[in-house]
Each structure stands twice: as C-alpha cells, then as structure tokens.
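Residues per chain, in single letters:
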Amino acid sequence: MHLDGAVQQRERIKSERVRLRAALRGAVQGVGFRPFVYRLASAMNLPGWVSNSAQGLFVEVDGEKELLDQFLLRLQREIPPRAFIQSLEFSFLDPAGFTSFEIRQSDSGGIKAAIVLPDSSTCPDCLKDIFDPSNRRYRYPFTNCTNCGPRFSILESLPYDRPNTSMKKFSMCPECSREYQDPLDRRFHAQPNACPVCGPRLEFWDAKGNVAAEGNDALVQAEEMIRAGMIVAVKGLGGFHLMVDAGNDAAVLRLRKRKHREEKPLALMFPSLEAVVRECEVNQFEERLLLSPESPIILFRRLSGSNRQTVIAESIAPSNPYLGIMLPYTPLHHLLMQDLAFPVAATSGNLSEEPICIDEHEALHRLEGIADAFLIHNRPIVRHVDDSLVRVMMNRELVLRRARGYAPLPISVENPHTSSLLAVGAHLKNSVALASNENIFISQHIGDLETKESLDAFHRVVADFETMYQTTPGTIVCDLHPEYLSSKFARTSGIPCIEVQHHYAHIASCMAENQLHGTLLGVAWDGTGYGLDGNVWGGEFLLTTETSFERVATLRSFLLPGGEKAIQEPRRIALGILYEMLGDEVFHHPGLISREAFTPGELDIIKQMIMKHVHTPVTTSAGRLFDAVASIIGLRQIVNFEGQAAMELEFLTTELSSSESYAFAIQDPFNPDNRKNQLGPLIIDWSPMIHCILDDVRSRMGIGRISVKFHNTLSEIIVAVAKRMNKSRVALSGGCFQNKYLTEHTIIRLREEGFHPYWHQRVPPNDGGIALGQAYAALRLNSDNLRAKRNRLIVDSGI
C-alpha cells in the first residue's frame, strides 16, 4: 500500500498544474530568442509570456509539471543558432492562470547584465532575398533578420530593442511592421528591420561631399570609380573602408602613399570562397571560419606563382607569402563584390595609427586627400568596430585583432563579484575590459594610443561601456608602466587603482580564456613590457598562482641603443646583442657587422651611446631577439611597421622542415642544496646560439635554414625551462606567439615531452588581451595581496 501511494503521489505531481518561472542569461537578445520561445510554447500549448530585460530574458508559463520539464529541456536544446545560455535559473510556483502566450514589452530597469551580441554577417536567407528579382528587398543593401546584421555597432543602451538603437529614427512601413510583429516570421523583433520603402539609403558623394547619386545608382557609380583605379571610401557596418582594385598596382601604391602606409599588408575582400581558393591554400578549418557569422579577416598562405589564377598586385603585401582575406559580410558588400567580380583592397578608413572613421561628415574631413569619392549611408554607426583578424593554428582559430564578430562577448569567470571593475589595457593594441557579475566584457580593438584621435577613442570606449552597462567601476586596473597613457588615465581617475605587471597580465589572460586555476608555468614572450625592476622585460617565464607570480627564468639581458629608435632599427638591436657578448670587440671586428647596415658616422654615434650608457635601456625581450637575428643574417635592418622583421624571419620557415636547433645555456643562480635560497631567476643565455648563427652566416648557409634552426631553438628553450620547473601545465602568451611556426612547433614539442600546453583562441595573445588579464588578476586578489612584493604582480596604488 505504501509503494502504491508513492507511485500515485508521483503521478499526481506530474499532472499537477504549476507555473514555471525561468531567467536566462547569456547571448539571448538580438538572436531571435523570444520568437523561438513563443513558437515552442505555442507548439506545446503552454500559456504565459516572455520578455527581454537589461539582465537577460525571462519566461513564465503555466502547465502540467511533466510538460514544463520537457519545455525546459527543449528550451536549452533547440536554441537559435547565434544564441548561447550562460545560466538558466528556474523555479516552480503556483499557476498564474495565463490563457494565452504573449511577448511582453521589454523591461529596461535594473542592473544592466545582458550580453550584447556582436555584429553578424549576412545569413543565407537574407542573401537569397537581395539577389531575388521578385523579392521586395532585391538589391537592398540593409537587409537583415534575427539571424544576422548589425547589433553592437548600432546599440545605444540595453535592453536590445529598436528604440535603444540607431534605427529608432527609421519608422517601419506597414509591411516591415507586419514582419516585426509576426512571431512566425524570421524578422519578428529584428531590431534593424527595414526595406527600400522605409529604411536607410545609399548616397554617392564626390571628394567635396556633393551628392552625385542615390540608391542603387550610388552603388553603380562607386563600382565604376573602383574599376577606374580610384580610391572609394565605403561606409560599412562598423566604420569606413578605403577600397581600391587589388589588381591595380598603381592604384594600390597611390593608396599607400596617401594613407602613409609604406609596406604593412593591406586587407583584401574577395567576391567568393571560390575566388579565394584560386589564389590561396584553404583548409577546412579556414573555410569554416571564412564562412562563419564572425566573418573575420583570415591569414591565408598564397599558392605558388604558377598555381595562382587571379592577379593580386605585389604592393598589397610586399615580400609576404600570406594574404589577409575576408568575404563580403553585409548586403552592401555582397552587392558591391558580385558586381565587381574581382578582389579589392579593403583597408580601414583612417590615416595610419588613427581610429577608423564612422561618420560620413567626419570621414569627409579626415579622409580628405585620401579618398577620391565616398559611398555612404544614413544609418548611424554608434561605435567604431574594425574587422577582426584571425589566424588558424593547430587547426583552431587564434584571434589576433578582436573586434567585429567577437566584441563585446565576455569571458565567463567563476565566483561572481558584486562590484564592477574596469581594466584599461596596454599602450599598444589597446582594448579595455569591464568585469561585472560572472562576466568580463572585452571591448573592441581600439589601437595604439599614439595619437590624440586614438586617445579620444579610448575615452569614448571607456565611457561607452560604463553607460551601456550603467555601472561606475569600484576599482580600476592598469599596467605598471609609468608613461602608458591608459595607466595615467587610471591613476588620475579618482577610483581605487590596482597595477598589474604586464607579463603576468599576459599569462592571466591565457588562464582566464582557458579557465585555468592553480599553479602553472607561464611563458610570456613579447616586444616590451615594464618589469618590476624598471627594465624592459619580454622573455619571461613566470610560475603563476591564482594571485601572484614568481619570475623563475628570463632571457639574458642586452642593450637597446637609442631606446624606441632601436625598435624601428633591428641593426641597433643586433649591435646591442653583439656588444653584450663581445664588448668593444664588436666595433673593431670587420666580420661581425654588415658594412651596409651603417654609415661610419651612424656607427660612431651608436658606439658612443653604448659606451657611455646614454639612452640605452636594458631588455630581456624575445621579440627584440627576433629583430637582432633578422639583422645579423642580413634580412632586415630597418622596419617600416611593428613586427616586420620578426614576420619576415617567420616567412623564411614556410618552405622548410627540420628539427635542427642551436646550442644555448641556462645559468642557474639557485643554491642547489636549498631551493628557497633564491638568488634570482634562471638566465637563458642565447649567446651560444648567436655565435653559431654568425658561423652559419660566414659559411653562407641559407637564411631559411638559419631561421628554422633559430625558431627550433626557442622551442627547445621553453621545453628545457618547463623540465626544470616540473609543472605539467604551460601557458603561452605574448605577441611572439602570433608566430605560427614558433607556436605550433612549441606546442608539439611540449606535448612530446609530456606537458599540457595552453594558448589563446578568441582573445589575442598580443597586447589586445592585456585588459582581460588585468581584470582576471585583480578579481582573484584579496586584501593580503595588495602590497608590493619582490616578483609579485601587484603594486599598491592607494587602495
């Protein structure tokens, strides 16, 4: 009888009518989630409601308990393609007596915690619409639906509803309004929904801003200008592109001259995947990324000359075996590229080192003398969002510039925090991060804070994040560097400030993205970062914990004659390296320095600088070691853009495969009888390697083989230190790990030796990931960790 009663009770619970209340957080706005819930509830005959709020998405439905359990399972299993659920909290309450299911008006009150979705490339259904002559949106450049189109670039405030976007000025026509209100239509509550009758329109302006054409005629005139070799500034999703025929060398060179961009590669937009395959090697992982909703620029290796079927001007990417290529990602770009049917250079609409233009009147002023004409539209862009840049390594994506398609998606962290925290990033490749609840929201790429325009953009993004999430940070986090403009902003903000050492921030960024906890060995290799001793660090091995680090090994230091000047001149760095090895002999030995590298007068000035220790900072930078080797082998003496020498050194490895490496030494300053008797970090002595490279140069060994041996040696250094530290997990971060050969070879070697390597994926290994690391490091602190200690990450800044 007792068992029968229990069974009857369970059956009664199953059939009992209750109310389910569910709160969903994650990417649940702007992805068609409300119509999905409406269709699901209607199909299951469950009355209730769904609504957006600034905190996420809320659902209430009445029904039998068993049916509501099925509803919950399907709610998680059948979500829209661009959605993801971070958390689903639910409870069962007394029924409310709902009689039908409805989509309620959004609630804009409360703490802003909803995830803002990035802009998304045009979906296949919308593509069919714009190329179907019978469709009312035929050749309409602003076609979109709940599965695609602008999001982050048009959002003014949360929740994501049309009145809170830059589309609020466009009143929908009756047909668009019908789609918007029909839960069974794919444009139901598509906030940027529009058509040729009621939506944004194109205009073609001449160089003076005079309107020469409108609508489709504007597009046709822009295409004619590009075919004629002219430079057209095209307003897109997150800003302007400067577009020019990629096969017209004279036009490309004219663009370079006007934009002050001598040799740095220019991004390309190709009409189709088929066109890319005719020019480059494309594997399945690269193809998937190219066609993904993120639609980033991807670095593809070019086919050999005889196998190429398209003509790309050599000036697009001089002496570079890779091309940065994206496909059209808005209807405007699809129409433009289908009509042109050839690749175009599509570089950011700005002068070098400035942020991208987003307003047509601003562009008319800032791009004066660069653009010959302007293809513009009247949908306002709320914030600049550059094209993201991605490289495939170890058969997965590695984001090098995080912007369109990725920003501002957060990295989730454990142990939600109540007060918000702002991390202001580094000086180069700046981005900022805002920690709120269980998320660290990472901004779009801002750039190098080298100009007034870039610094203004930095201030706008900081204010933008605080406004969007309606929060005032309780703590601000910055780099240790005394002169970084982002750090000066933090220190003078009036908010309690925490300073995080640059290279620990790199490792903390990798830990946050890979959800790593506990102790591990971090390898932070880059060009420059302010060290705890006041010197320029950059070749660091950090034994990290949740809240601190110990600098357990570093590259042998050397001089940078001329400081910042040396970064532009690898020849100076080579002199600094050779002087560290050989002292004064370097200036008297005819075989050590290429006579073509310096004039006698230049060499004498640098000699005096080194001998008198004037403007010659000390560095341990791995990035500068790349520069020195490039100079020593005669590859590059002066660079025209950041990282050029290191890139060209990597390019030499593309045709070769070898396990050869050079010798190196590890100087152990520890007391062998007592590990705690620490005299300092291990010193990785690169001088045996440089001696061997000099010998190989004298013996006329091919510089490709030298480069491979050099890269292999760096991997072996990492493996050797990992063995010394005896930690199974190794995190790789810093700008040097943008290098495909170095990263992949190091990962393979670490795995061969039984280690578990971790590296970045959707957050850049370069300084674009520093803000995430700063935020993650600061969140894991407690009051005992806020004092400056030798080899610790944090400096007390008046908390």
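Conventions and cut-offs
- Residues numbered from 1 in each chain as written.
- Predicted model: local features only at pLDDT ≥ 70, side-chain atom pairs only at ≥ 80, totals over all residues.
- Heavy atoms only, no water.
- Core = buried A, V, L, I, M, F, W, Y, C linked by side-chain atoms within 4.5 Å.
- Buried < 20%, exposed > 50% of the residue type's maximum accessible area, 1.4 Å probe, protein only.
- Helix = DSSP H or I, 4+ residues; strand = E, 2+ residues; numbered from the N terminus.
- Contact = heavy atoms within 4.5 Å.
- Pairing = 2+ DSSP bridges.
- Phe/Tyr/Trp six-rings, centres within 6.5 Å; stacked < 30°, edge-to-face > 60°.
- 1 Å grid on protein atoms, 1.4 Å probe; cavity = no way out; pocket = protein on both sides within 12 Å on 5 of 7 lines; lining within 4 Å.
- Points joined across faces, edges and corners; volume = space filled by probe spheres on them.
- Salt bridge = Lys/Arg side-chain N within 4 Å of Asp/Glu carboxyl O.
- Nonpolar A, V, L, I, M, F, W, Y, C, P; charged D, E, K, R; others polar.
- Axes fitted to C-alpha atoms, helices over the stretch in contact; angles between N-to-C directions.
- Polar contact = N/O pair within 3.5 Å; in protein donor to acceptor, adjacent residues only side chain to side chain.

A. Region of interest: the nonpolar core. Leu24, Phe33, Val37, Val59, Phe71 and Leu375 are the most contacted members of the largest nonpolar core, which has 91 residues in total. Counting residues per element, this core draws most heavily on helix H12 (residues 452-468), at 6 residues. Residues contacting Phe33, with those up to four places away along its chain left out, are Leu24, Val28, Leu57, Leu75, Ile79, Pro80, Ala83 and Ile85. Counting residues in hydrophobic clusters, the runner-up holds 62 residues, among them Val523, Leu575, Leu625 and Leu694.

B. Representation of the pairing of strand E11 (residues 297-301) in the model. Examined bridge by bridge, E11 and strand E15 (residues 389-393) share 2 bridges and lie parallel to one another. Note on E15: the bridge partner recorded for Ile297 is Leu389. As paired strands, E11 and strand E12 (residues 322-326) are joined by 4 bridges and run antiparallel to one another. Note on E12: the bridge partner recorded for Ile298 is Ile325.

C. Expanded view of the pairing of strand E8 (residues 232-235). Residue alternation in E8 divides its side chains into two sets, Val232 and Val234 and Ala233 and Lys235, and both sets are buried. With 4 bridges joining them, E8 and strand E9 (residues 240-245) adopt antiparallel strand pairing. Bridged to Lys235 within E9 is Phe240. The antiparallel pairing of E8 with E9 creates a hairpin that spans 4 residues between the two strands, and Gly239 there sits at a positive phi of about 155°. Pairing between E8 and strand E14 (residues 373-377): 3 bridges, direction parallel. Each bridged residue has a counterpart across the sheet, and for Val234 the counterpart in E14 is Leu375.

D. The arrangement of the packing of aromatic side chains in detail. Within the structure shown, the criterion is met by 14 aromatic pairs. Seen in terms of ring centroids, Phe458 and Phe489 are 5.3 Å apart; in terms of plane orientation they differ by 85°. Their pairing is edge-to-face. Separated by 31 residues along the polypeptide, Phe458 in helix H12 and Phe489 in helix H13 (residues 485-491) bring together distant segments of the chain. Consider the rings of Phe465 and Tyr469, whose centres lie 6.1 Å apart with planes at 70°: the pair is edge-to-face. One exposure class covers both Phe465 and Tyr469, and it is buried. Connected via pairs of aromatic rings, a cluster forms that spans Phe441, Phe465 and Tyr469.

E. View of the layout of surface pockets. Taken as a whole, the second largest pocket spans an internal volume of roughly 470 Å³. What lines the second largest pocket is a set of 23 residues, and nearest its centre among them are Arg301, Tyr322, Lys740, Tyr741 and Glu744. Put simply, the parts of the chain that give the lining of the second largest pocket at least two residues each are E11, E15 and helix H22 (740-752). The element contributing the most residues to the lining of the second largest pocket is H22, with 5 residues.

F. Spotlight on helix H23 (residues 770-779). Along H23, 9 of the 10 residues are buried, which leaves the element largely enclosed by surrounding structure. Every buried residue of H23 is listed here: Ile770, Ala771, Leu772, Gly773, Gln774, Ala775, Tyr776, Ala777 and Ala778.

G. Representation of the side chain of Thr713 in the model. Topologically, Thr713 is positioned in helix H21 (residues 703-725). Thr713 sits in the buried class, given a relative accessible area of 0%. Setting aside anything within four residues of it in sequence, one finds Thr713 in contact with Ser661, Tyr662, Phe664 and Met689.

H. Structural view of the pattern of salt bridges. For the coordinates displayed, the defined rule picks out 51 salt bridges. Salt-bridge contacts for Glu362 lead to Arg366; the nearest nitrogen and oxygen are separated by 2.6 Å. Separated by 4 residues within a single helix, Glu362 and Arg366 lie in helix H11 (residues 360-366), roughly one turn from each other. Each of the salt bridges in this network shares a partner with another, and the network as a whole consists of Lys565, Glu569, Arg571, Arg572 and Glu602.

I. How the structure looks around empty space enclosed by the protein. In total, this model carries 6 cavities of 30 Å³ or more according to the counting rule given. In this structure, the largest cavity occupies an estimated 110 Å³ of space. Surrounding the largest cavity, 17 residues form its lining, Pro141, Leu237, Thr330, Pro331 and Arg379 being those nearest its centre. Considering only residue class, the lining of the largest cavity consists of 7 nonpolar, 8 polar and 2 charged. By volume, the second largest cavity amounts to about 100 Å³.

J. Structural context of the sheet that holds strand E1 (residues 17-27). In spatial order, the strands read E4-E1-E3-E2-E5; together these 5 strands make up an open sheet with mixed pairing. With one partner strand each, in any of the chains shown, strand E4 (84-93) and strand E5 (101-103) form the two edges of the open sheet. For this sheet, the mean angle separating the axes of adjacent strands, direction not counted, is 15°. Note that E1 and strand E3 (residues 56-64) share 8 bridges and pair antiparallel. The partner of Arg17 across the bridge, within E3, is Glu64. Along the sheet, helix H2 (residues 33-43) makes contact with E1, strand E2 (48-53), E3, E4 and E5, crossing E5 at roughly 175°. Set on the sheet, helix H3 (residues 65-77) makes contact with E1, E3 and E4; between it and E3 the angle comes to about 150°.

K. Spotlight on the environment of Pro271. Within the secondary structure, Pro271 sits in the loop between strand E10 (268-269) and helix H8 (273-277). The partly exposed category is assigned to Pro271, whose relative accessible area is 25%. Not counting residues within four places of it along the chain, the set of residues in contact with Pro271 comprises Pro328, Met337, Ala341, Phe342 and Pro343.

L. Local environment of helix H18 (residues 622-632). The buried count for H18 comes to 11 of 11 residues, which makes it a mostly enclosed element. What H18 keeps buried is the set Ala622, Gly623, Arg624, Leu625, Phe626, Asp627, Ala628, Val629, Ala630, Ser631 and Ile632. At the N-terminal end of H18, a side-chain oxygen is found 3.2 Å from the backbone nitrogen of Gly623, two or three residues along, and the residue is Ser621. Backbone geometry just downstream of H18 places Gly634 in the positive-phi region, at approximately 80°.

M. The arrangement of the environment of Gly305 in detail. Along the chain, Gly305 turns up in the loop between E11 and E12. For the pair Gly305 and Glu354, spaced 49 residues apart in sequence, the C-alpha separation works out to 35 Å.

N. A look at unusual backbone geometry. Cis geometry marks the peptide bond from Leu158 to Pro159, where omega comes out at 0°. Cis geometry marks the peptide bond from Ala407 to Pro408, where omega comes out at 5°. Within the element layout of this structure, Pro408 appears in the loop between strand E16 (396-401) and strand E17 (410-423). Although it is not a glycine, His613 sits at a positive phi angle of roughly 55°. With respect to the element layout, His613 can be found in the loop between helix H17 (600-611) and strand E25 (618-619). Taking relative accessible area as the criterion, His613 reaches 54% and is therefore assigned exposed. Not every positive phi belongs to a glycine, and Arg700 is a case in point at roughly 65°. The residue Arg700 is located in the loop between helix H20 (687-698) and H21 in this model. Look at Arg700 and you get exposed, because its relative accessible area is 76%.

O. Quick look at the sheet that holds E10. In space, the 11 strands of this open sheet follow the order E7-E6-E14-E8-E9-E13-E10-E12-E11-E15-E16, with mixed pairing throughout. Two strands lie at the open edges of the sheet, namely strand E7 (211-214) and E16, each paired on one side alone. Two strands pair when backbone bridges link them, and strand E6 (residues 202-206) and E7 are joined in this way by 3 bridges, in the antiparallel orientation. By the bridge assignment, Phe204 is partnered in E7 with Ala213. Most of the contacts of H22 go to E15, to which it runs at about 40°, and overall it touches E12 and E15.

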